[in-house]
Amino acid sequence: MHLSDTIVAISTPPGRSGLGVVRLSGPDARAIAAQLLTPAEFQPWHAHLAELLDAQGHRIDQVVATFFEKPRSYTAEDVVEISCHGAPVVLRHAVERALAAGARLAEPGEFTLRAFLNGRLDLPRAEAVRDLIDATTLYQARIAAQQVSGSVSRRIAPMKEQLLELIALLEAGIDFAEDDVSVAAPAEILRRLAPILDGVQTLAASFRYGGLVSQGLTLAIAGRPNVGKSSLFNRLLEQDRAIVTEIPGTTRDLVSETASIGGIPVKLFDTAGIRATTERVESLGIERSFQAMADADLTLVVTEAFQHTEEDDSLIARAGPHALVVANKCDLVARVSRPAQLCVSALTGEGIPELRQAILDGVAPKGAFEQETGFITSLRHEQLLRESAGYLEKARDAVAANIPHEMLLLDLYAALRPIDAITGATTADDILNRIFSTFCIGK
């Protein structure tokens with residue numbers, strides 16, 4: 001990949017649409033665009049009405065061309081965006097003309113890679129661009145937009161600065177060692193190290209619910225036959241996806257669909273009613289129900305409001321600590337069999353908002369998803385932060401053991417490297433290629 005080339009790509013999704021955008025970036029972006037369009041006038045930060053021509057000079061489309069002059073463009077290079085009508089043949093023609101004029105087809109994520117390499121974005125912001133594109137809920141988009149604006153970088157920057165100050169202090173202590181000048185006593189080192197370690201561990205731990213924001217969660221709905229699992233599945237989904245009848249054992253296999261609960265993508269599994277049976281097909285469905293419960297982030301164990309049986313208790317015990325018990329059909333009784341249970345009605349919708357909140361509370365601390373800038377959503381970031389925390393713990397133990405500062409500095413520098421890998425200061429090329437290859441072409 002030659003980053004000094006001028007690159008071109010279609011930046012809008014494949015297919016027919018009202019508009020389609022062809023983007024050029026690089027030193028020859030304006031000159032190449034001038035060979036495609038007439039009139040070839042490009043005033044920075046202005047949109048120009050022009051005609052897209054074929055190689056013989058015939059008009060193909062009327063377009064709007066916008067010129068973003070370096071360094072104040074997305075990539076910090078000269079960028080020209082050509083807005084055409086969204087016919088695939090027109091967009092392909094514009095790209096082919098640009099390639100013939102000397103441009104190169106962009107690799108996936110190359111526009112954002114150039115923005116990173118040219119200092120327009122740091123690596124967490126660049127990764128958040130991909131998350132924003134991939135968002136399936138408004139909440140995901142809002143979190144990604146916060147990270148594009150630098151929320152993760154701002155969380156990490158103070159910890160990195162404190163770590164650098166501690167390293168500088170110890171380096172100075174080594175320089176003055178021959179003069180018997182004590183620059184950093186053990187208590188002072190521990191005092192400075194404690195907030196760094198705490199901050200890194202806290203941010204790493206936030207991936208427990210930050211990962212749910214980016215990846216979503218799985219929810220298995222289990223219970224005895226005819227307790228209303230499928231009705232509750234449809235109510236949470238807000239559409240009639242599963243078949244509902246009064247006949248026990250209607251659901252024989254897993255039925256899955258994805259819904260948004262509090263802005264979090266939740267993959268719902270409606271399972272077969274669990275009971276003792278000798279019927280082969282139903283037995284296979286029950287086995288799959290147990291497997292879905294084992295694999296799910298949370299199991300919604302559905303009981304009936306007017307009775308709670310030993311089979312319910314057995315199922316709750318099997319679901320383990322990730323069980324959320326809900327009593328359905330509360331519209332049929334004045335008082336539930338177990339007052340502490342969450343009571344809902346899949347038929348009327350009573351208690352469903354409380355159930356949605358209980359599902360979120362069951363997988364993350366209460367209020368965690370309201371901290372829009374308080375958590376990380378990248379597995380790569382979480383792994384690097386835990387690596388850094390491990391070295392910081394070694395440094396803390398080394399201070400307590402009166403290890404020489406020269407050895408202590410090795411752990412501190414080792415703790416700094418993963419942090420630099422998050423921000424992109426020391427990220428290897430293969431890591432960059434892996435990150436940006438997951439982007440779509442044109443971004």
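Placed above this text is the structure.
Residues numbered from 1 in each chain as written. Predicted model: local features only at pLDDT ≥ 70, side-chain atom pairs only at ≥ 80, totals over all residues. Heavy atoms only, no water.

## Remarks on the overall build of the chain
Step number 1: Along its length, the chain carries 15 helices and 13 strands.
Step number 2: Across the 443 residues that make up the chain, the buried fraction comes to 48%.
Step number 3: Sequence-distant contacts, at least 24 apart, represent 65% of the contacts inside the chain between residues at least 6 apart.
Step number 4: With the model as given, the accessible surface of the chain reaches about 21500 Å², and the carbon-plus-sulfur share is 53%. (Helix = DSSP H or I, 4+ residues; strand = E, 2+ residues; numbered from the N terminus. Buried < 20%, exposed > 50% of the residue type's maximum accessible area, 1.4 Å probe, protein only. Contact = heavy atoms within 4.5 Å. Areas by Shrake-Rupley, 256 points an atom, 1.4 Å probe, with all protein chains shown as cover.)

## As for the pairing of strand 9 (residues 255-261)
Step number 1: Sheet topology places strand 9 next to strand 10 (residues 264-270); 7 bridges connect them, and they run antiparallel. When the bridges of strand 10 are listed, Thr-258 appears paired with Lys-267.
Step number 2: Between strand 9 and the antiparallel strand that follows it, strand 10, lie 2 residues; Gly-262 among them carries a positive phi value of about 60°. (Pairing = 2+ DSSP bridges.)

## Considering the pairing of strand 12 (residues 323-328)
Successive side chains on a regular strand alternate, one facing one side of the sheet and the next facing the other.
Step number 1: For strand 12, a buried count of 5 out of 6 residues is recorded, marking the element as mostly surrounded by other parts of the structure.
Step number 2: Pairing between strand 11 (residues 298-304) and strand 12: 6 bridges, direction parallel. Each residue of the ladder has a partner; that of Thr-299, found in strand 12, is Ala-323.
Step number 3: What joins strand 11 to strand 12 is helix 11 (residues 310-319), and the crossover it makes is right-handed. (Right-handed = clockwise from strand over helix to strand, strands pointing away.)

## Some thoughts on the environment of Arg-120
Step number 1: Checked against the element boundaries, Arg-120 lands in the loop between helix 3 (110-117) and helix 4 (123-134).
Step number 2: Once the C-alpha coordinates of Arg-120 and Pro-71 are considered, the two residues, 49 residues apart in sequence, prove to be 8.8 Å apart.
Step number 3: Setting aside anything within four residues of it in sequence, one finds Arg-120 in contact with Pro-71, Arg-72, Ser-73, Tyr-74, Thr-75, Ala-76 and Ala-115.

## A word on the nonpolar core
Step number 1: In terms of nonpolar packing, the biggest core is built from 34 residues, with Leu-219, Leu-232, Leu-236, Leu-268, Leu-300, Leu-355 and Ile-359 touching the most fellow members.
Step number 2: With 6 residues, helix 12 (residues 352-363) is the largest single contributor of residues to this core.
Step number 3: Once you skip the residues sitting within four places of it in the chain, Ile-359 turns out to touch Leu-219, Leu-236, Ile-261, Leu-298 and Leu-324.
Step number 4: Judged by nonpolar contacts, the second largest core, of 33 residues, contains Ala-184, Leu-193, Leu-197 and Leu-412. (Core = buried A, V, L, I, M, F, W, Y, C linked by side-chain atoms within 4.5 Å.)

## A look at the environment of Ala-40
Step number 1: Along the polypeptide, Ala-40 turns up in the loop between strand 3 (37-38) and strand 4 (47-53).
Step number 2: Assessed through its relative accessible area of 42%, Ala-40 is described here as partly exposed.
Step number 3: Each C-alpha atom of the pair Ala-40 and Ala-50 lies 7.7 Å from the other, and the pair is 10 residues apart in sequence.

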